[in-house]
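Letter by letter, the chains look like this.
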Amino acid sequence: MSAAINLESAPRPKMQARGLSIYYANKLAVKDLSLDITEKQVLALIGPSGCGKSTFLRALNRMNDLIPAARHTGEVLLDSANIYDRGVDVVELRRRVGMVFQKSNPFPKSIFENVAYGLRIAGMNDRAELAVRVERSLEQSALWDEVKDRLGDSALALSGGQQQRLCIARALAIEPEVVLMDEPASALDPLSTAKIEDLIHELKARYTIVIVTHNMQQAARVSDQTAFFFMGEMVEVGPTAKMFTTPTNRRTEDYVTGKFG
Amino acid sequence: MSATTRKLTSGLFSGISGLAAALIVAALAVIIGDAVAGGWSKLSWEFFTGEPTEGMTAGGIFPAIWGTTVLTLMMTVAVMPVGVMTAIYLHEYAPVQSRLAAAVRVAVQNLAGVPSIVFGLFGLGFFIHFLGEGMDRALGGELRYGQPGLLWASLTLAVLTLPVVIVATEEALRAVPTDLRNASLALGATKSQTLWRIVLPGATPGILTGAILAVSRGAGEVAPILLTGAAYFLPELPSTINSQFMHLGYHTYVLATQSPDVEATRPLLYGTVLVLLMLTFTLNFVAVLLRSRTRSRANA
Amino acid sequence: MRILADSSPRLAPRPTPKRRWQLREKLIEGAITAVAFSGVLAIGLILIFVAKEAVPLFVDPEALKEVSLSKLFLPQVLKPGKPATFVWQPVSDIPKVSLIPLFIGTLKVSVVAMLIAAPLGVLAALFTSELAPRKLREWLKPTIELLAGVPSVVLGFFALMVLATLFQDTFGLTYRLNALVAGVALSLAIVPVVFTVAEDALTAVPRSYREASLALGATRWDTAWRVVLPAAAPGVLAACVLGLGRAIGETMVVLMASGNASIVSPHLTDSTRTLSATIAAEMGEVVVGSPHYGLLFFIGVQLFAITFVLNLLAGAWTRRVVRRLGGKV
Ligand SMILES: Nc1ncnc2c1ncn2[C@@H]1O[C@H](COP(=O)(O)OP(=O)(O)O)[C@@H](O)[C@H]1O
Ligand SMILES: [Mg+2]
C-alpha cells in the first residue's frame with residue numbers, strides 16, 4: 001500500500017538521458033551524460049557558451065539528425081522508450097517533443113497560419129477546428145489579446161517579443177508533451193523577457209519544459225531543477241534553490257556566483 | 001616616382017578603365033539606338049498582326065511572334081520542372097560531399113558553355129533522328145516525329161536553358177533561411193512537407209526570375225532552331241507540335257542575309273529586330289527587378 | 001493568464017513505429033535525385049549523339065574514299081604539279097574537306113574578338129568593382145549585363161547593317177564582310193561574359209586587402225591594379241578563357257558578318273569562315289548520312305571538345321580563386 005502511494009507521489013521522469021555522448025565528426029560535444037527530466041517541471045540548463053547545452057537539447061527531439069556530422073552513443077528515453085530506436089517515427093517524436101529556437105523564426109505567413117502550421121501538416125483542415133486550436137495556443141502563449149484582431153496579418157510585422165511568443169504558440173498548437181527552449185529570451189528586451197518567463201511558469205502545469213539559458217537569474221526564477229554544464233560534461237544537477245545557494249561542486253559555485261562565464 | 005606623377009598615372013589609368021566601361025555602355029546604346037531609329041516607324045498594329053507579303057518585303061511579322069511565343073512556352077514547360085528539381089536536389093537533398101552532386105555541378109557548368117550550334121546538332125541527331133525517327137517506326141512508319149518541328153526545337157532549347165534555371169533556382173533556395181526549415185521540421189513536418197510549404201513558397205520569386213531569364217535566353221537563340229525546326233516562310237501558323245514554325249530571330253537572319261532586295265526589306269528587318277530586342281530587354285528587365293527585390297529582402 | 005482545461009486527447013504515449021510517410025519521402029527523394037541526374041545525362045547525350053553522326057566518317061568505306069585524317073588536317077595536292085594546299089569544298093565532284101581554312105577563320109575571328117573583349121571587359125570590371133562610386137556601380141553592372149541579353153542574331157544584324165559599312169567606308173576595304181567586322185561584332189557578344197565573371201572574381205577579394213593597401217598610401221588605382229587584380233588573377237583568367245570559349249562557339253554573329261568564304265588568308269580584311277558558321281550554313285542543304293553530313297557533326301564534336309576543355313579550365317581557376325580568398329564555393 002505505502003509503496004504504491006510513494007510511487008504515485010514521486011515525480012516521474014518524462015525523459016531520461018542515459019550515458020549520452022554526442023560528437024561532431026570526431027569532436028566530443030557532450031560527454032557521457034545521464035540526466036532525468038521530471039514530468040511537468042522546468043529544467044534549466046546553464047553553463048558557459050560552447051559547453052554543449054544546445055547540442056544536448058537538440059538530441060532530445062533528434063534535431064541533431066539534421067546535422068550530417070553529428071553522431072551519438074547512449075540513449076534518450078521518452079516515457080521509458082528510446083527515441084533513437086530503429087523503429088521510432090521522428091516526425092511523431094518531434095510532435096511530442098516541441099522546440100522553440102533562440103532566434104524567433106516565424107514563417108513568412110499570417111499569424112494564424114503560423115500557429116495552424118503544425119496542425120495542417122498533420123492533416124487537420126477543418127477551418128473551425130483550426131480556429132479553436134489557434135486561439136487556444138495563442139491564449140496559452142499570452143498573445144491572444146494582442147493579435148486577436150489581426151490574425152490575418154503577416155507574422156513578420158510583430159515585434160521581436162511577440163514573434164517569440166508566436167513561435168511558442170506555434171509549438172504548443174500541436175500539443176506536445178515536452179517543450180524544449182533554447183535561450184528563448186536571449187534576443188529580447190527585459191519586458192518581453194519577463195512576459196516569457198511568466199509564460200513558462202504557467203506552462204509547466206501542462207508541459208514538461210527544458211530551457212537553456214545564459215542568464216542565471218532567469219534560471220533561478222523559472223526553473224525547478226537546474227543542470228550545470230561545463231565543457232561538454234554535466235557537472236551537477238539538482239533543485240534550483242539548492243544549486244544557487246549550496247552547490248556541491250566548486251565550478252558550479254564559481255559559475256553561479258559569476259566568477260566566470 | 002614622385003607623388004605627383006604617381007597621382008597622374010593613377011588618374012590616367014582610372015580614366016582609361018572608366019572609358020572601357022563607357023565604351024561598352026555606348027556600344028549597347030548604339031545598338032539600341034540604331035534599332036529604334038530604324039524600326040520605330042514600322043511598329044504598328046498591322047506589323048504586329050499581319051503576315052509577311054510580297055516576297056517578305058511588306059506586311060507584318062505575326063507568324064514569327066506567334067512561333068517564338070509558342071516555342072518558348074513549350075521550352076519553359078519542359079525546362080522548369082527539371083531545372084527546379086535539379087536545384088532542389090543540389091541544395092536540399094544532396095549529402096555533403098556527394099559525388100553525384102559534384103558531378104551534376106560540373107555537368108551543368110559545362111552545359112552552360114556548350115556552343116549553341118552544338119545544341120542544334122544534338123537536337124538534330126538525338127531528338128529528330130534518334131527519338132523522332134524511332135517513334136515514327138514504332139508508330140507505323142508514317143513521317144510525323146522524325147522531322148524538324150516545334151516539339152524538338154523547344155526540347156533542344158530546354159536543354160540549352162537548363163543551367164540558367166538551375167543556377168537561379170539554387171540561388172533562390174539559398175536565400176530561404178535554414179531557421180525556417182528547422183522550425184518546420186521541429187513541428188513534425190517531413191522534409192517534403194517543409195519543401196512544399198515553406199521552402200518553395202519562399203523561393204518562388206527567385207525561381208520566377210530563373211524562368212524569365214531562361215525565356216529571354218531561349219527566345220533569342222537562333223543557331224539551335226536553325227537545325228531543328230525554324231522555317232523561312234510558312235503560309236499558315238503551326239497546327240501541331242510537329243509543325244515547323246517561324247521565329248523572330250530566324251526571321252531577322254533571313255531578312256538580313258537572304259533577301260533579294262536589301263533596301264526593300266530594310267524597314268521590315270529593323271522592325272523585326274526592334275520587336276525582338278524589346279521582347280528580350282523587357283524580360284531581362286523584369287528579371288533584374290525581381291532579383292534585386294529578392295536580394296534586398298534576403299539581406300534585410 | 002489562462003490555461004484551458006486539457007480536453008483534447010494526447011498523442012500516443014510511446015514512440016510509434018515508422019509509418020507510410022517514410023516510404024513517400026523516399027519516393028520523393030528518389031524522384032528528385034533521378035531528375036537531378038538529367039544534367040549529367042544531357043552532357044553525355046550531347047557528346048554521344050553528336051559524335052555518333054560523325055563516326056561513319058571514319059568507318060564507312062564510302063566515306064573513307066572522301067575523308068581521312070590527312071585530308072582533314074594536312075595540305076593536299078589537288079592538281080598535279082601545283083603546291084599542296086588546304087581547301088574546304090565539300091560539295092563538288094571531288095570533295096575537298098580540309099578543316100584548316102575553317103580553323104584559321106575561327107582563330108582569326110576569335111583573336112580579334114578577344115583582343116578587344118578581354119581588355120575592355122577586365123578594365124570595365126576593374127572600374128566597376130574598384131573605382132566607380134557606389135551609385136554608378138549599381139547602375140553600370142546591370143547595364144553591361146543587359147548587353148548579354150542582346151540575342152546574337154541582333155549583333156550579327158548590327159554588324160551587317162552598321163559596322164560593315166562603317167568599316168568599309170573608313171578603311172576602304174575590298175570586302176564588306178570580313179574577319180575584322182566579324183571579330184569586332186563578336187567582341188560585343190563576349191564582353192559581357194568577361195565582364196561578369198571578372199567582376200565576380202574582383203568583388204570576391206576581401207576588403208582587408210584593399211584597406212591594407214590604401215592605408216599604406218596607395219592610390220585607388222594602385223590598389224586595384226597591384227593588389228586586387230593579382231589577388232583575383234585566376235578568376236580574371238577564367239573570365240577570359242570563358243570568353244574565348246564563347247567566341248569559338250558563337251555562330252550567328254560570324255555567320256552573318258564574316259562573309260563566309262572558306263579561304264586561307266592571313267589578312268583580317270579578307271572574308272573568312274568559321275567552324276560554327278560552317279555547320280549553320282551547310283546543314284540545310286546536306287544529305288542526311290552523307291560524308292558531308294558526318295563532317296559537319298565532326299566539326300561539332302571538335303567545337304564541343306574545345307569549349308569543354310576551356311570550361312573545365314575556367315571552372316578550376318574559379319574554384320582556385322574562391323579557395324585562395326577563403327570564401328565558400
Ligand atoms: N553544427 C555543428 N557542427 C560542429 N560543431 C558544432 C556544431 N554545433 C555546435 N558545435 C560545437 O559543439 C560544442 C557545443 O556547442 P553548443 O551545443 O552549441 O553549445 P552551447 O549551446 O552550450 O553554447 C561547441 O564547441 C560547438 O563549437
Ligand atoms: Mg547554444
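The following refers to the structure shown. If you're wondering where the values come from, they're calculated on a predicted model, not measured in any experiment. (Residues numbered from 1 in each chain as written. Chains lettered and ligands numbered in written order. Predicted model: local features only at pLDDT ≥ 70, side-chain atom pairs only at ≥ 80, totals over all residues. Heavy atoms only, no water.)

### Brief notes about the overall build of chain A
Under the convention used in this document: Put simply, DSSP marks the helices as runs of H or I at least four residues long and the strands as runs of E at least two long, and each gets a number from the N terminus on. In this treatment the radius of gyration is a C-alpha quantity, and the globule benchmark scales as 2.2 Å times the residue count to the 0.38 power. The cut-offs for exposure are 20% and 50% of the maximum accessible area for each residue type, with area from a 1.4 Å probe on protein chains only; residues under the lower value are buried, those over the upper are exposed, and the others partly exposed. For this analysis, residues touch if any pair of their heavy atoms sits within 4.5 Å.
Summing up its helical and strand segments, chain A has eleven helices and ten strands in all. In summary, chain A has a C-alpha radius of gyration of 19 Å against a globular reference of 18 Å for 261 residues, a match within 12%. Dimensions of chain A, computed from the C-alpha atoms along their principal axes, are close to 50 × 50 × 45 Å. Looking at chain A residue by residue over its 261 residues, the buried ones come to 57%. When contacts within chain A are restricted to residue pairs at least 6 apart in sequence, those whose partners lie at least 24 apart make up 66%.

### Some details on unusual backbone geometry
Residues and elements named next belong to chain A. For Ser80, which is not glycine, the phi dihedral falls at a positive 70°. Position of Ser80 relative to the elements: it lies in the loop between strand 4 (70-78) and strand 5 (81-82). The exposed category is assigned to Ser80, whose relative accessible area is 56%.

### Observations regarding helix 4 (residues 99-113) of chain B
Our working definition: By this rule the span expected of a helix is its residue count minus one, scaled by 1.5 Å. Polar contact is defined as a pair of N or O atoms within 3.5 Å, subject to the rule that within protein one atom must be able to donate a hydrogen and the other to accept it, and that residues adjacent in sequence are counted only when both atoms are side-chain atoms.
Between its terminal C-alpha atoms helix 4 of chain B stretches 22 Å, which fits the 21 Å expected from 15 residues at 1.5 Å a residue. Turning to helix 4 of chain B, its buried residues are B:Ala101, B:Val104, B:Ala107, B:Val108, B:Asn110, B:Leu111 and B:Gly113. Contacts from the buried residues of helix 4 of chain B go to helix 3 (62-93), helix 5 (116-139) and helix 6 (150-174) of chain B together with helix 1 (20-36), helix 2 (38-54) and helix 15 (291-324) of chain C. Structurally, the start of helix 4 of chain B carries an N-cap: the backbone nitrogen of B:Leu100 is 3.2 Å from a side-chain oxygen of B:Ser98.

### Comments concerning the packing of helix 4 of chain B against helix 2 of chain C
Two measures define how a pair of helices packs: the angle their axes make with one another and the distance between the axes. Counted only if it meets this: Orientation is described by lines fitted to C-alpha atoms, with helices fitted over the stretch in contact, and by angles between N-to-C directions that extend from 0 to 180 degrees. An angle counts as roughly parallel when it lies under 35 degrees, as roughly antiparallel when it exceeds 145, as roughly perpendicular when it falls between 65 and 115, and as oblique in every other case. By definition, turning the near helix anticlockwise from the far helix through less than a right angle yields a left-handed crossing, and turning it clockwise yields a right-handed one. Throughout, the ten residues Ala, Val, Leu, Ile, Met, Phe, Trp, Tyr, Cys and Pro are labelled nonpolar, Asp, Glu, Lys and Arg are labelled charged, and all others, Gly among them, are labelled polar.
Contact geometry for helix 4 of chain B and helix 2 of chain C: axes closest at 8 Å, N-to-C directions at 50°. Here helix 2 of chain C runs oblique to helix 4 of chain B, going by the angle between their axes. For the element pair helix 4 of chain B and helix 2 of chain C, the recorded crossing hand is left-handed. Here B:Ala103, B:Val104, B:Ala107, B:Asn110 and B:Leu111 of helix 4 of chain B come into contact with helix 2 of chain C, specifically with C:Gly39, C:Val40, C:Ala42, C:Ile43 and C:Ile46. Taken together, the residues of the contact of helix 4 of chain B with helix 2 of chain C sort by class into eight nonpolar, two polar and no charged.

### Looking at the site of ligand 1
Residues and elements named next belong to chain A. The criterion, for reference: Residue proximity to a molecule or strand is established when one non-hydrogen atom of the residue lies within 4 Å of it. Here the accessible surface of atoms and residues is derived via Shrake-Rupley with a 1.4 Å probe, and residues count as covered only by protein chains that are part of the display.
Lining the immediate environment of ligand 1, one finds Tyr24, Lys27, Ala29, Ser49, Gly50, Cys51, Gly52, Lys53, Ser54, Thr55, Arg58 and Ile67. A distance of 2.6 Å separates an oxygen atom of ligand 1 from a polar backbone atom of Gly50. For ligand 1, whose accessible area on its own is 550 Å², the fraction buried by protein is 65%. Breaking the shell around ligand 1 down by element, the ones donating at least two residues are strand 2 (27-38) and helix 2 (53-60). Counting residues per element, the shell around ligand 1 draws most heavily on helix 2, at four residues. Here the residues of the shell around ligand 1 are counted per class, giving four nonpolar, five polar and three charged.

### Side note on a positive patch on the surface
The condition is simple: Only residues whose relative accessible area exceeds 30% and that form no salt bridge are eligible for patches; like-charged ones are grouped when within 9 Å, while nonpolar side chains (Val, Leu, Ile, Met, Phe, Trp, Tyr) are grouped when within 5 Å. Put simply, a salt bridge is a Lys or Arg side-chain nitrogen that is within 4 Å of an Asp or Glu carboxyl oxygen. Counting rule for charge: Lys and Arg are taken as positive, Asp and Glu as negative, and neither His nor the chain ends is counted. Charge positions come from single atoms, namely NZ of Lys, CZ of Arg, CG of Asp or CD of Glu.
Residues C:Arg319, C:Arg320, C:Arg323 and C:Arg324 make up a contiguous surface patch of positive charge. Structurally, C:Arg324 can be placed in helix 15.

### Looking at the environment of C:Val112
Residue and element names in this part refer to chain C. Note that Val112 resides in helix 6 (residues 100-131). Since its relative accessible area comes to 8%, Val112 is described here as buried. In the structure, Val112 is positioned 80 residues away from Ile32 in sequence and 44 Å away in space, judged by C-alpha atoms. When residues no more than four places from it in sequence are discounted, the contact partners of Val112 are Leu180, Gly183, Val184 and Leu268.

### Side note on the sheet that holds strand 1 (residues 13-24) of chain A
Residue and element names in this part refer to chain A. This is how it is decided: Here, strands pair whenever DSSP counts at least two bridges between them.
Pairing is antiparallel in the open sheet, where four strands are placed in the order 2-1-4-5. The outermost strands of the open sheet, each flanked by one partner alone, are strand 2 and strand 5. Bridging between strand 1 and strand 4 involves eight bridges; their strand directions are antiparallel. The residue of strand 4 that forms the bridge with Ile22 is His72. Strand contacts of helix 2: strand 1, strand 2 and strand 4, with the helix running at about 120° to strand 1, the strand carrying the most contacts.

### Concerning the interface of chain B and chain C
Applicable threshold: Accessible surface is computed with a 1.4 Å probe, and the buried area is the amount of it that two parts give up when combined, taken over both parts together.
At the interface, 72 residues of chain B touch 73 residues of chain C. In total, chain B and chain C occlude about 6200 Å² of area from one another, counting both sides; carbon and sulfur atoms represent 80% of this. Contact with chain C buries surface across chain B, with B:Ile24, B:Ile31 and B:Leu121 losing the most and accounting together for 10% of the total. Between the two partners, chain B and chain C, sit one salt bridge.

### Quick notes on the sheet that holds strand 9 (residues 225-230) of chain A
All names here are of chain A. Overall, mixed pairing links the six strands, which are arranged 6-7-8-3-9-10 in an open sheet. Every other strand in the sheet has two partners, leaving strand 6 (97-100) and strand 10 (233-239) as the edge strands with one partner each. Taking the axes of each pair of neighbouring strands and ignoring which way they run, one obtains an average angle of 15° across the sheet. Relative to strand 9, strand 3 (residues 42-46) runs parallel, the two being bridged by four bridges. Paired with Leu45 across the two strands is Ala227, which belongs to strand 9. Helix-sheet contacts for helix 8 (residues 190-203) involve strand 3, strand 7 (178-182) and strand 8 (208-212), and the interaxial angle to strand 8 is about 150°.

### Describing the interface of chain A and chain B
In many reports, interface size means the accessible area that the parts give up when they come together. Contact residues are listed per partner, giving 21 residues for chain A and 16 residues for chain B. A buried area of about 1600 Å², summed over both sides, lies between chain A and chain B, and 68% of it is on carbon and sulfur atoms. For chain A, the biggest contributors to the area lost against chain B are A:Phe107, A:Tyr117 and A:Ile121; these three give 31% of the whole. Listed by contribution, the elements that provide at least two residues to the side of chain A that touches chain B are helix 3 (90-96), helix 4 (111-121) and helix 7 (160-173) of chain A. Split into classes, the residues belonging to the side of chain A that touches chain B amount to 13 nonpolar, two polar and six charged.

### So, the pattern of salt bridges
All names here are of chain A. Scanning the model with the defined rule gives 30 salt bridges over all chains in all. Across the pair Arg96 and Asp79 runs a salt bridge whose closest N-O atoms are separated by 2.9 Å. In this pair, Arg96 is assigned in helix 3 and Asp79 in the loop between strand 4 and strand 5, connecting sequence segments 17 residues apart. With relative accessibility at 1%, the residue Arg96 sits in the buried group.

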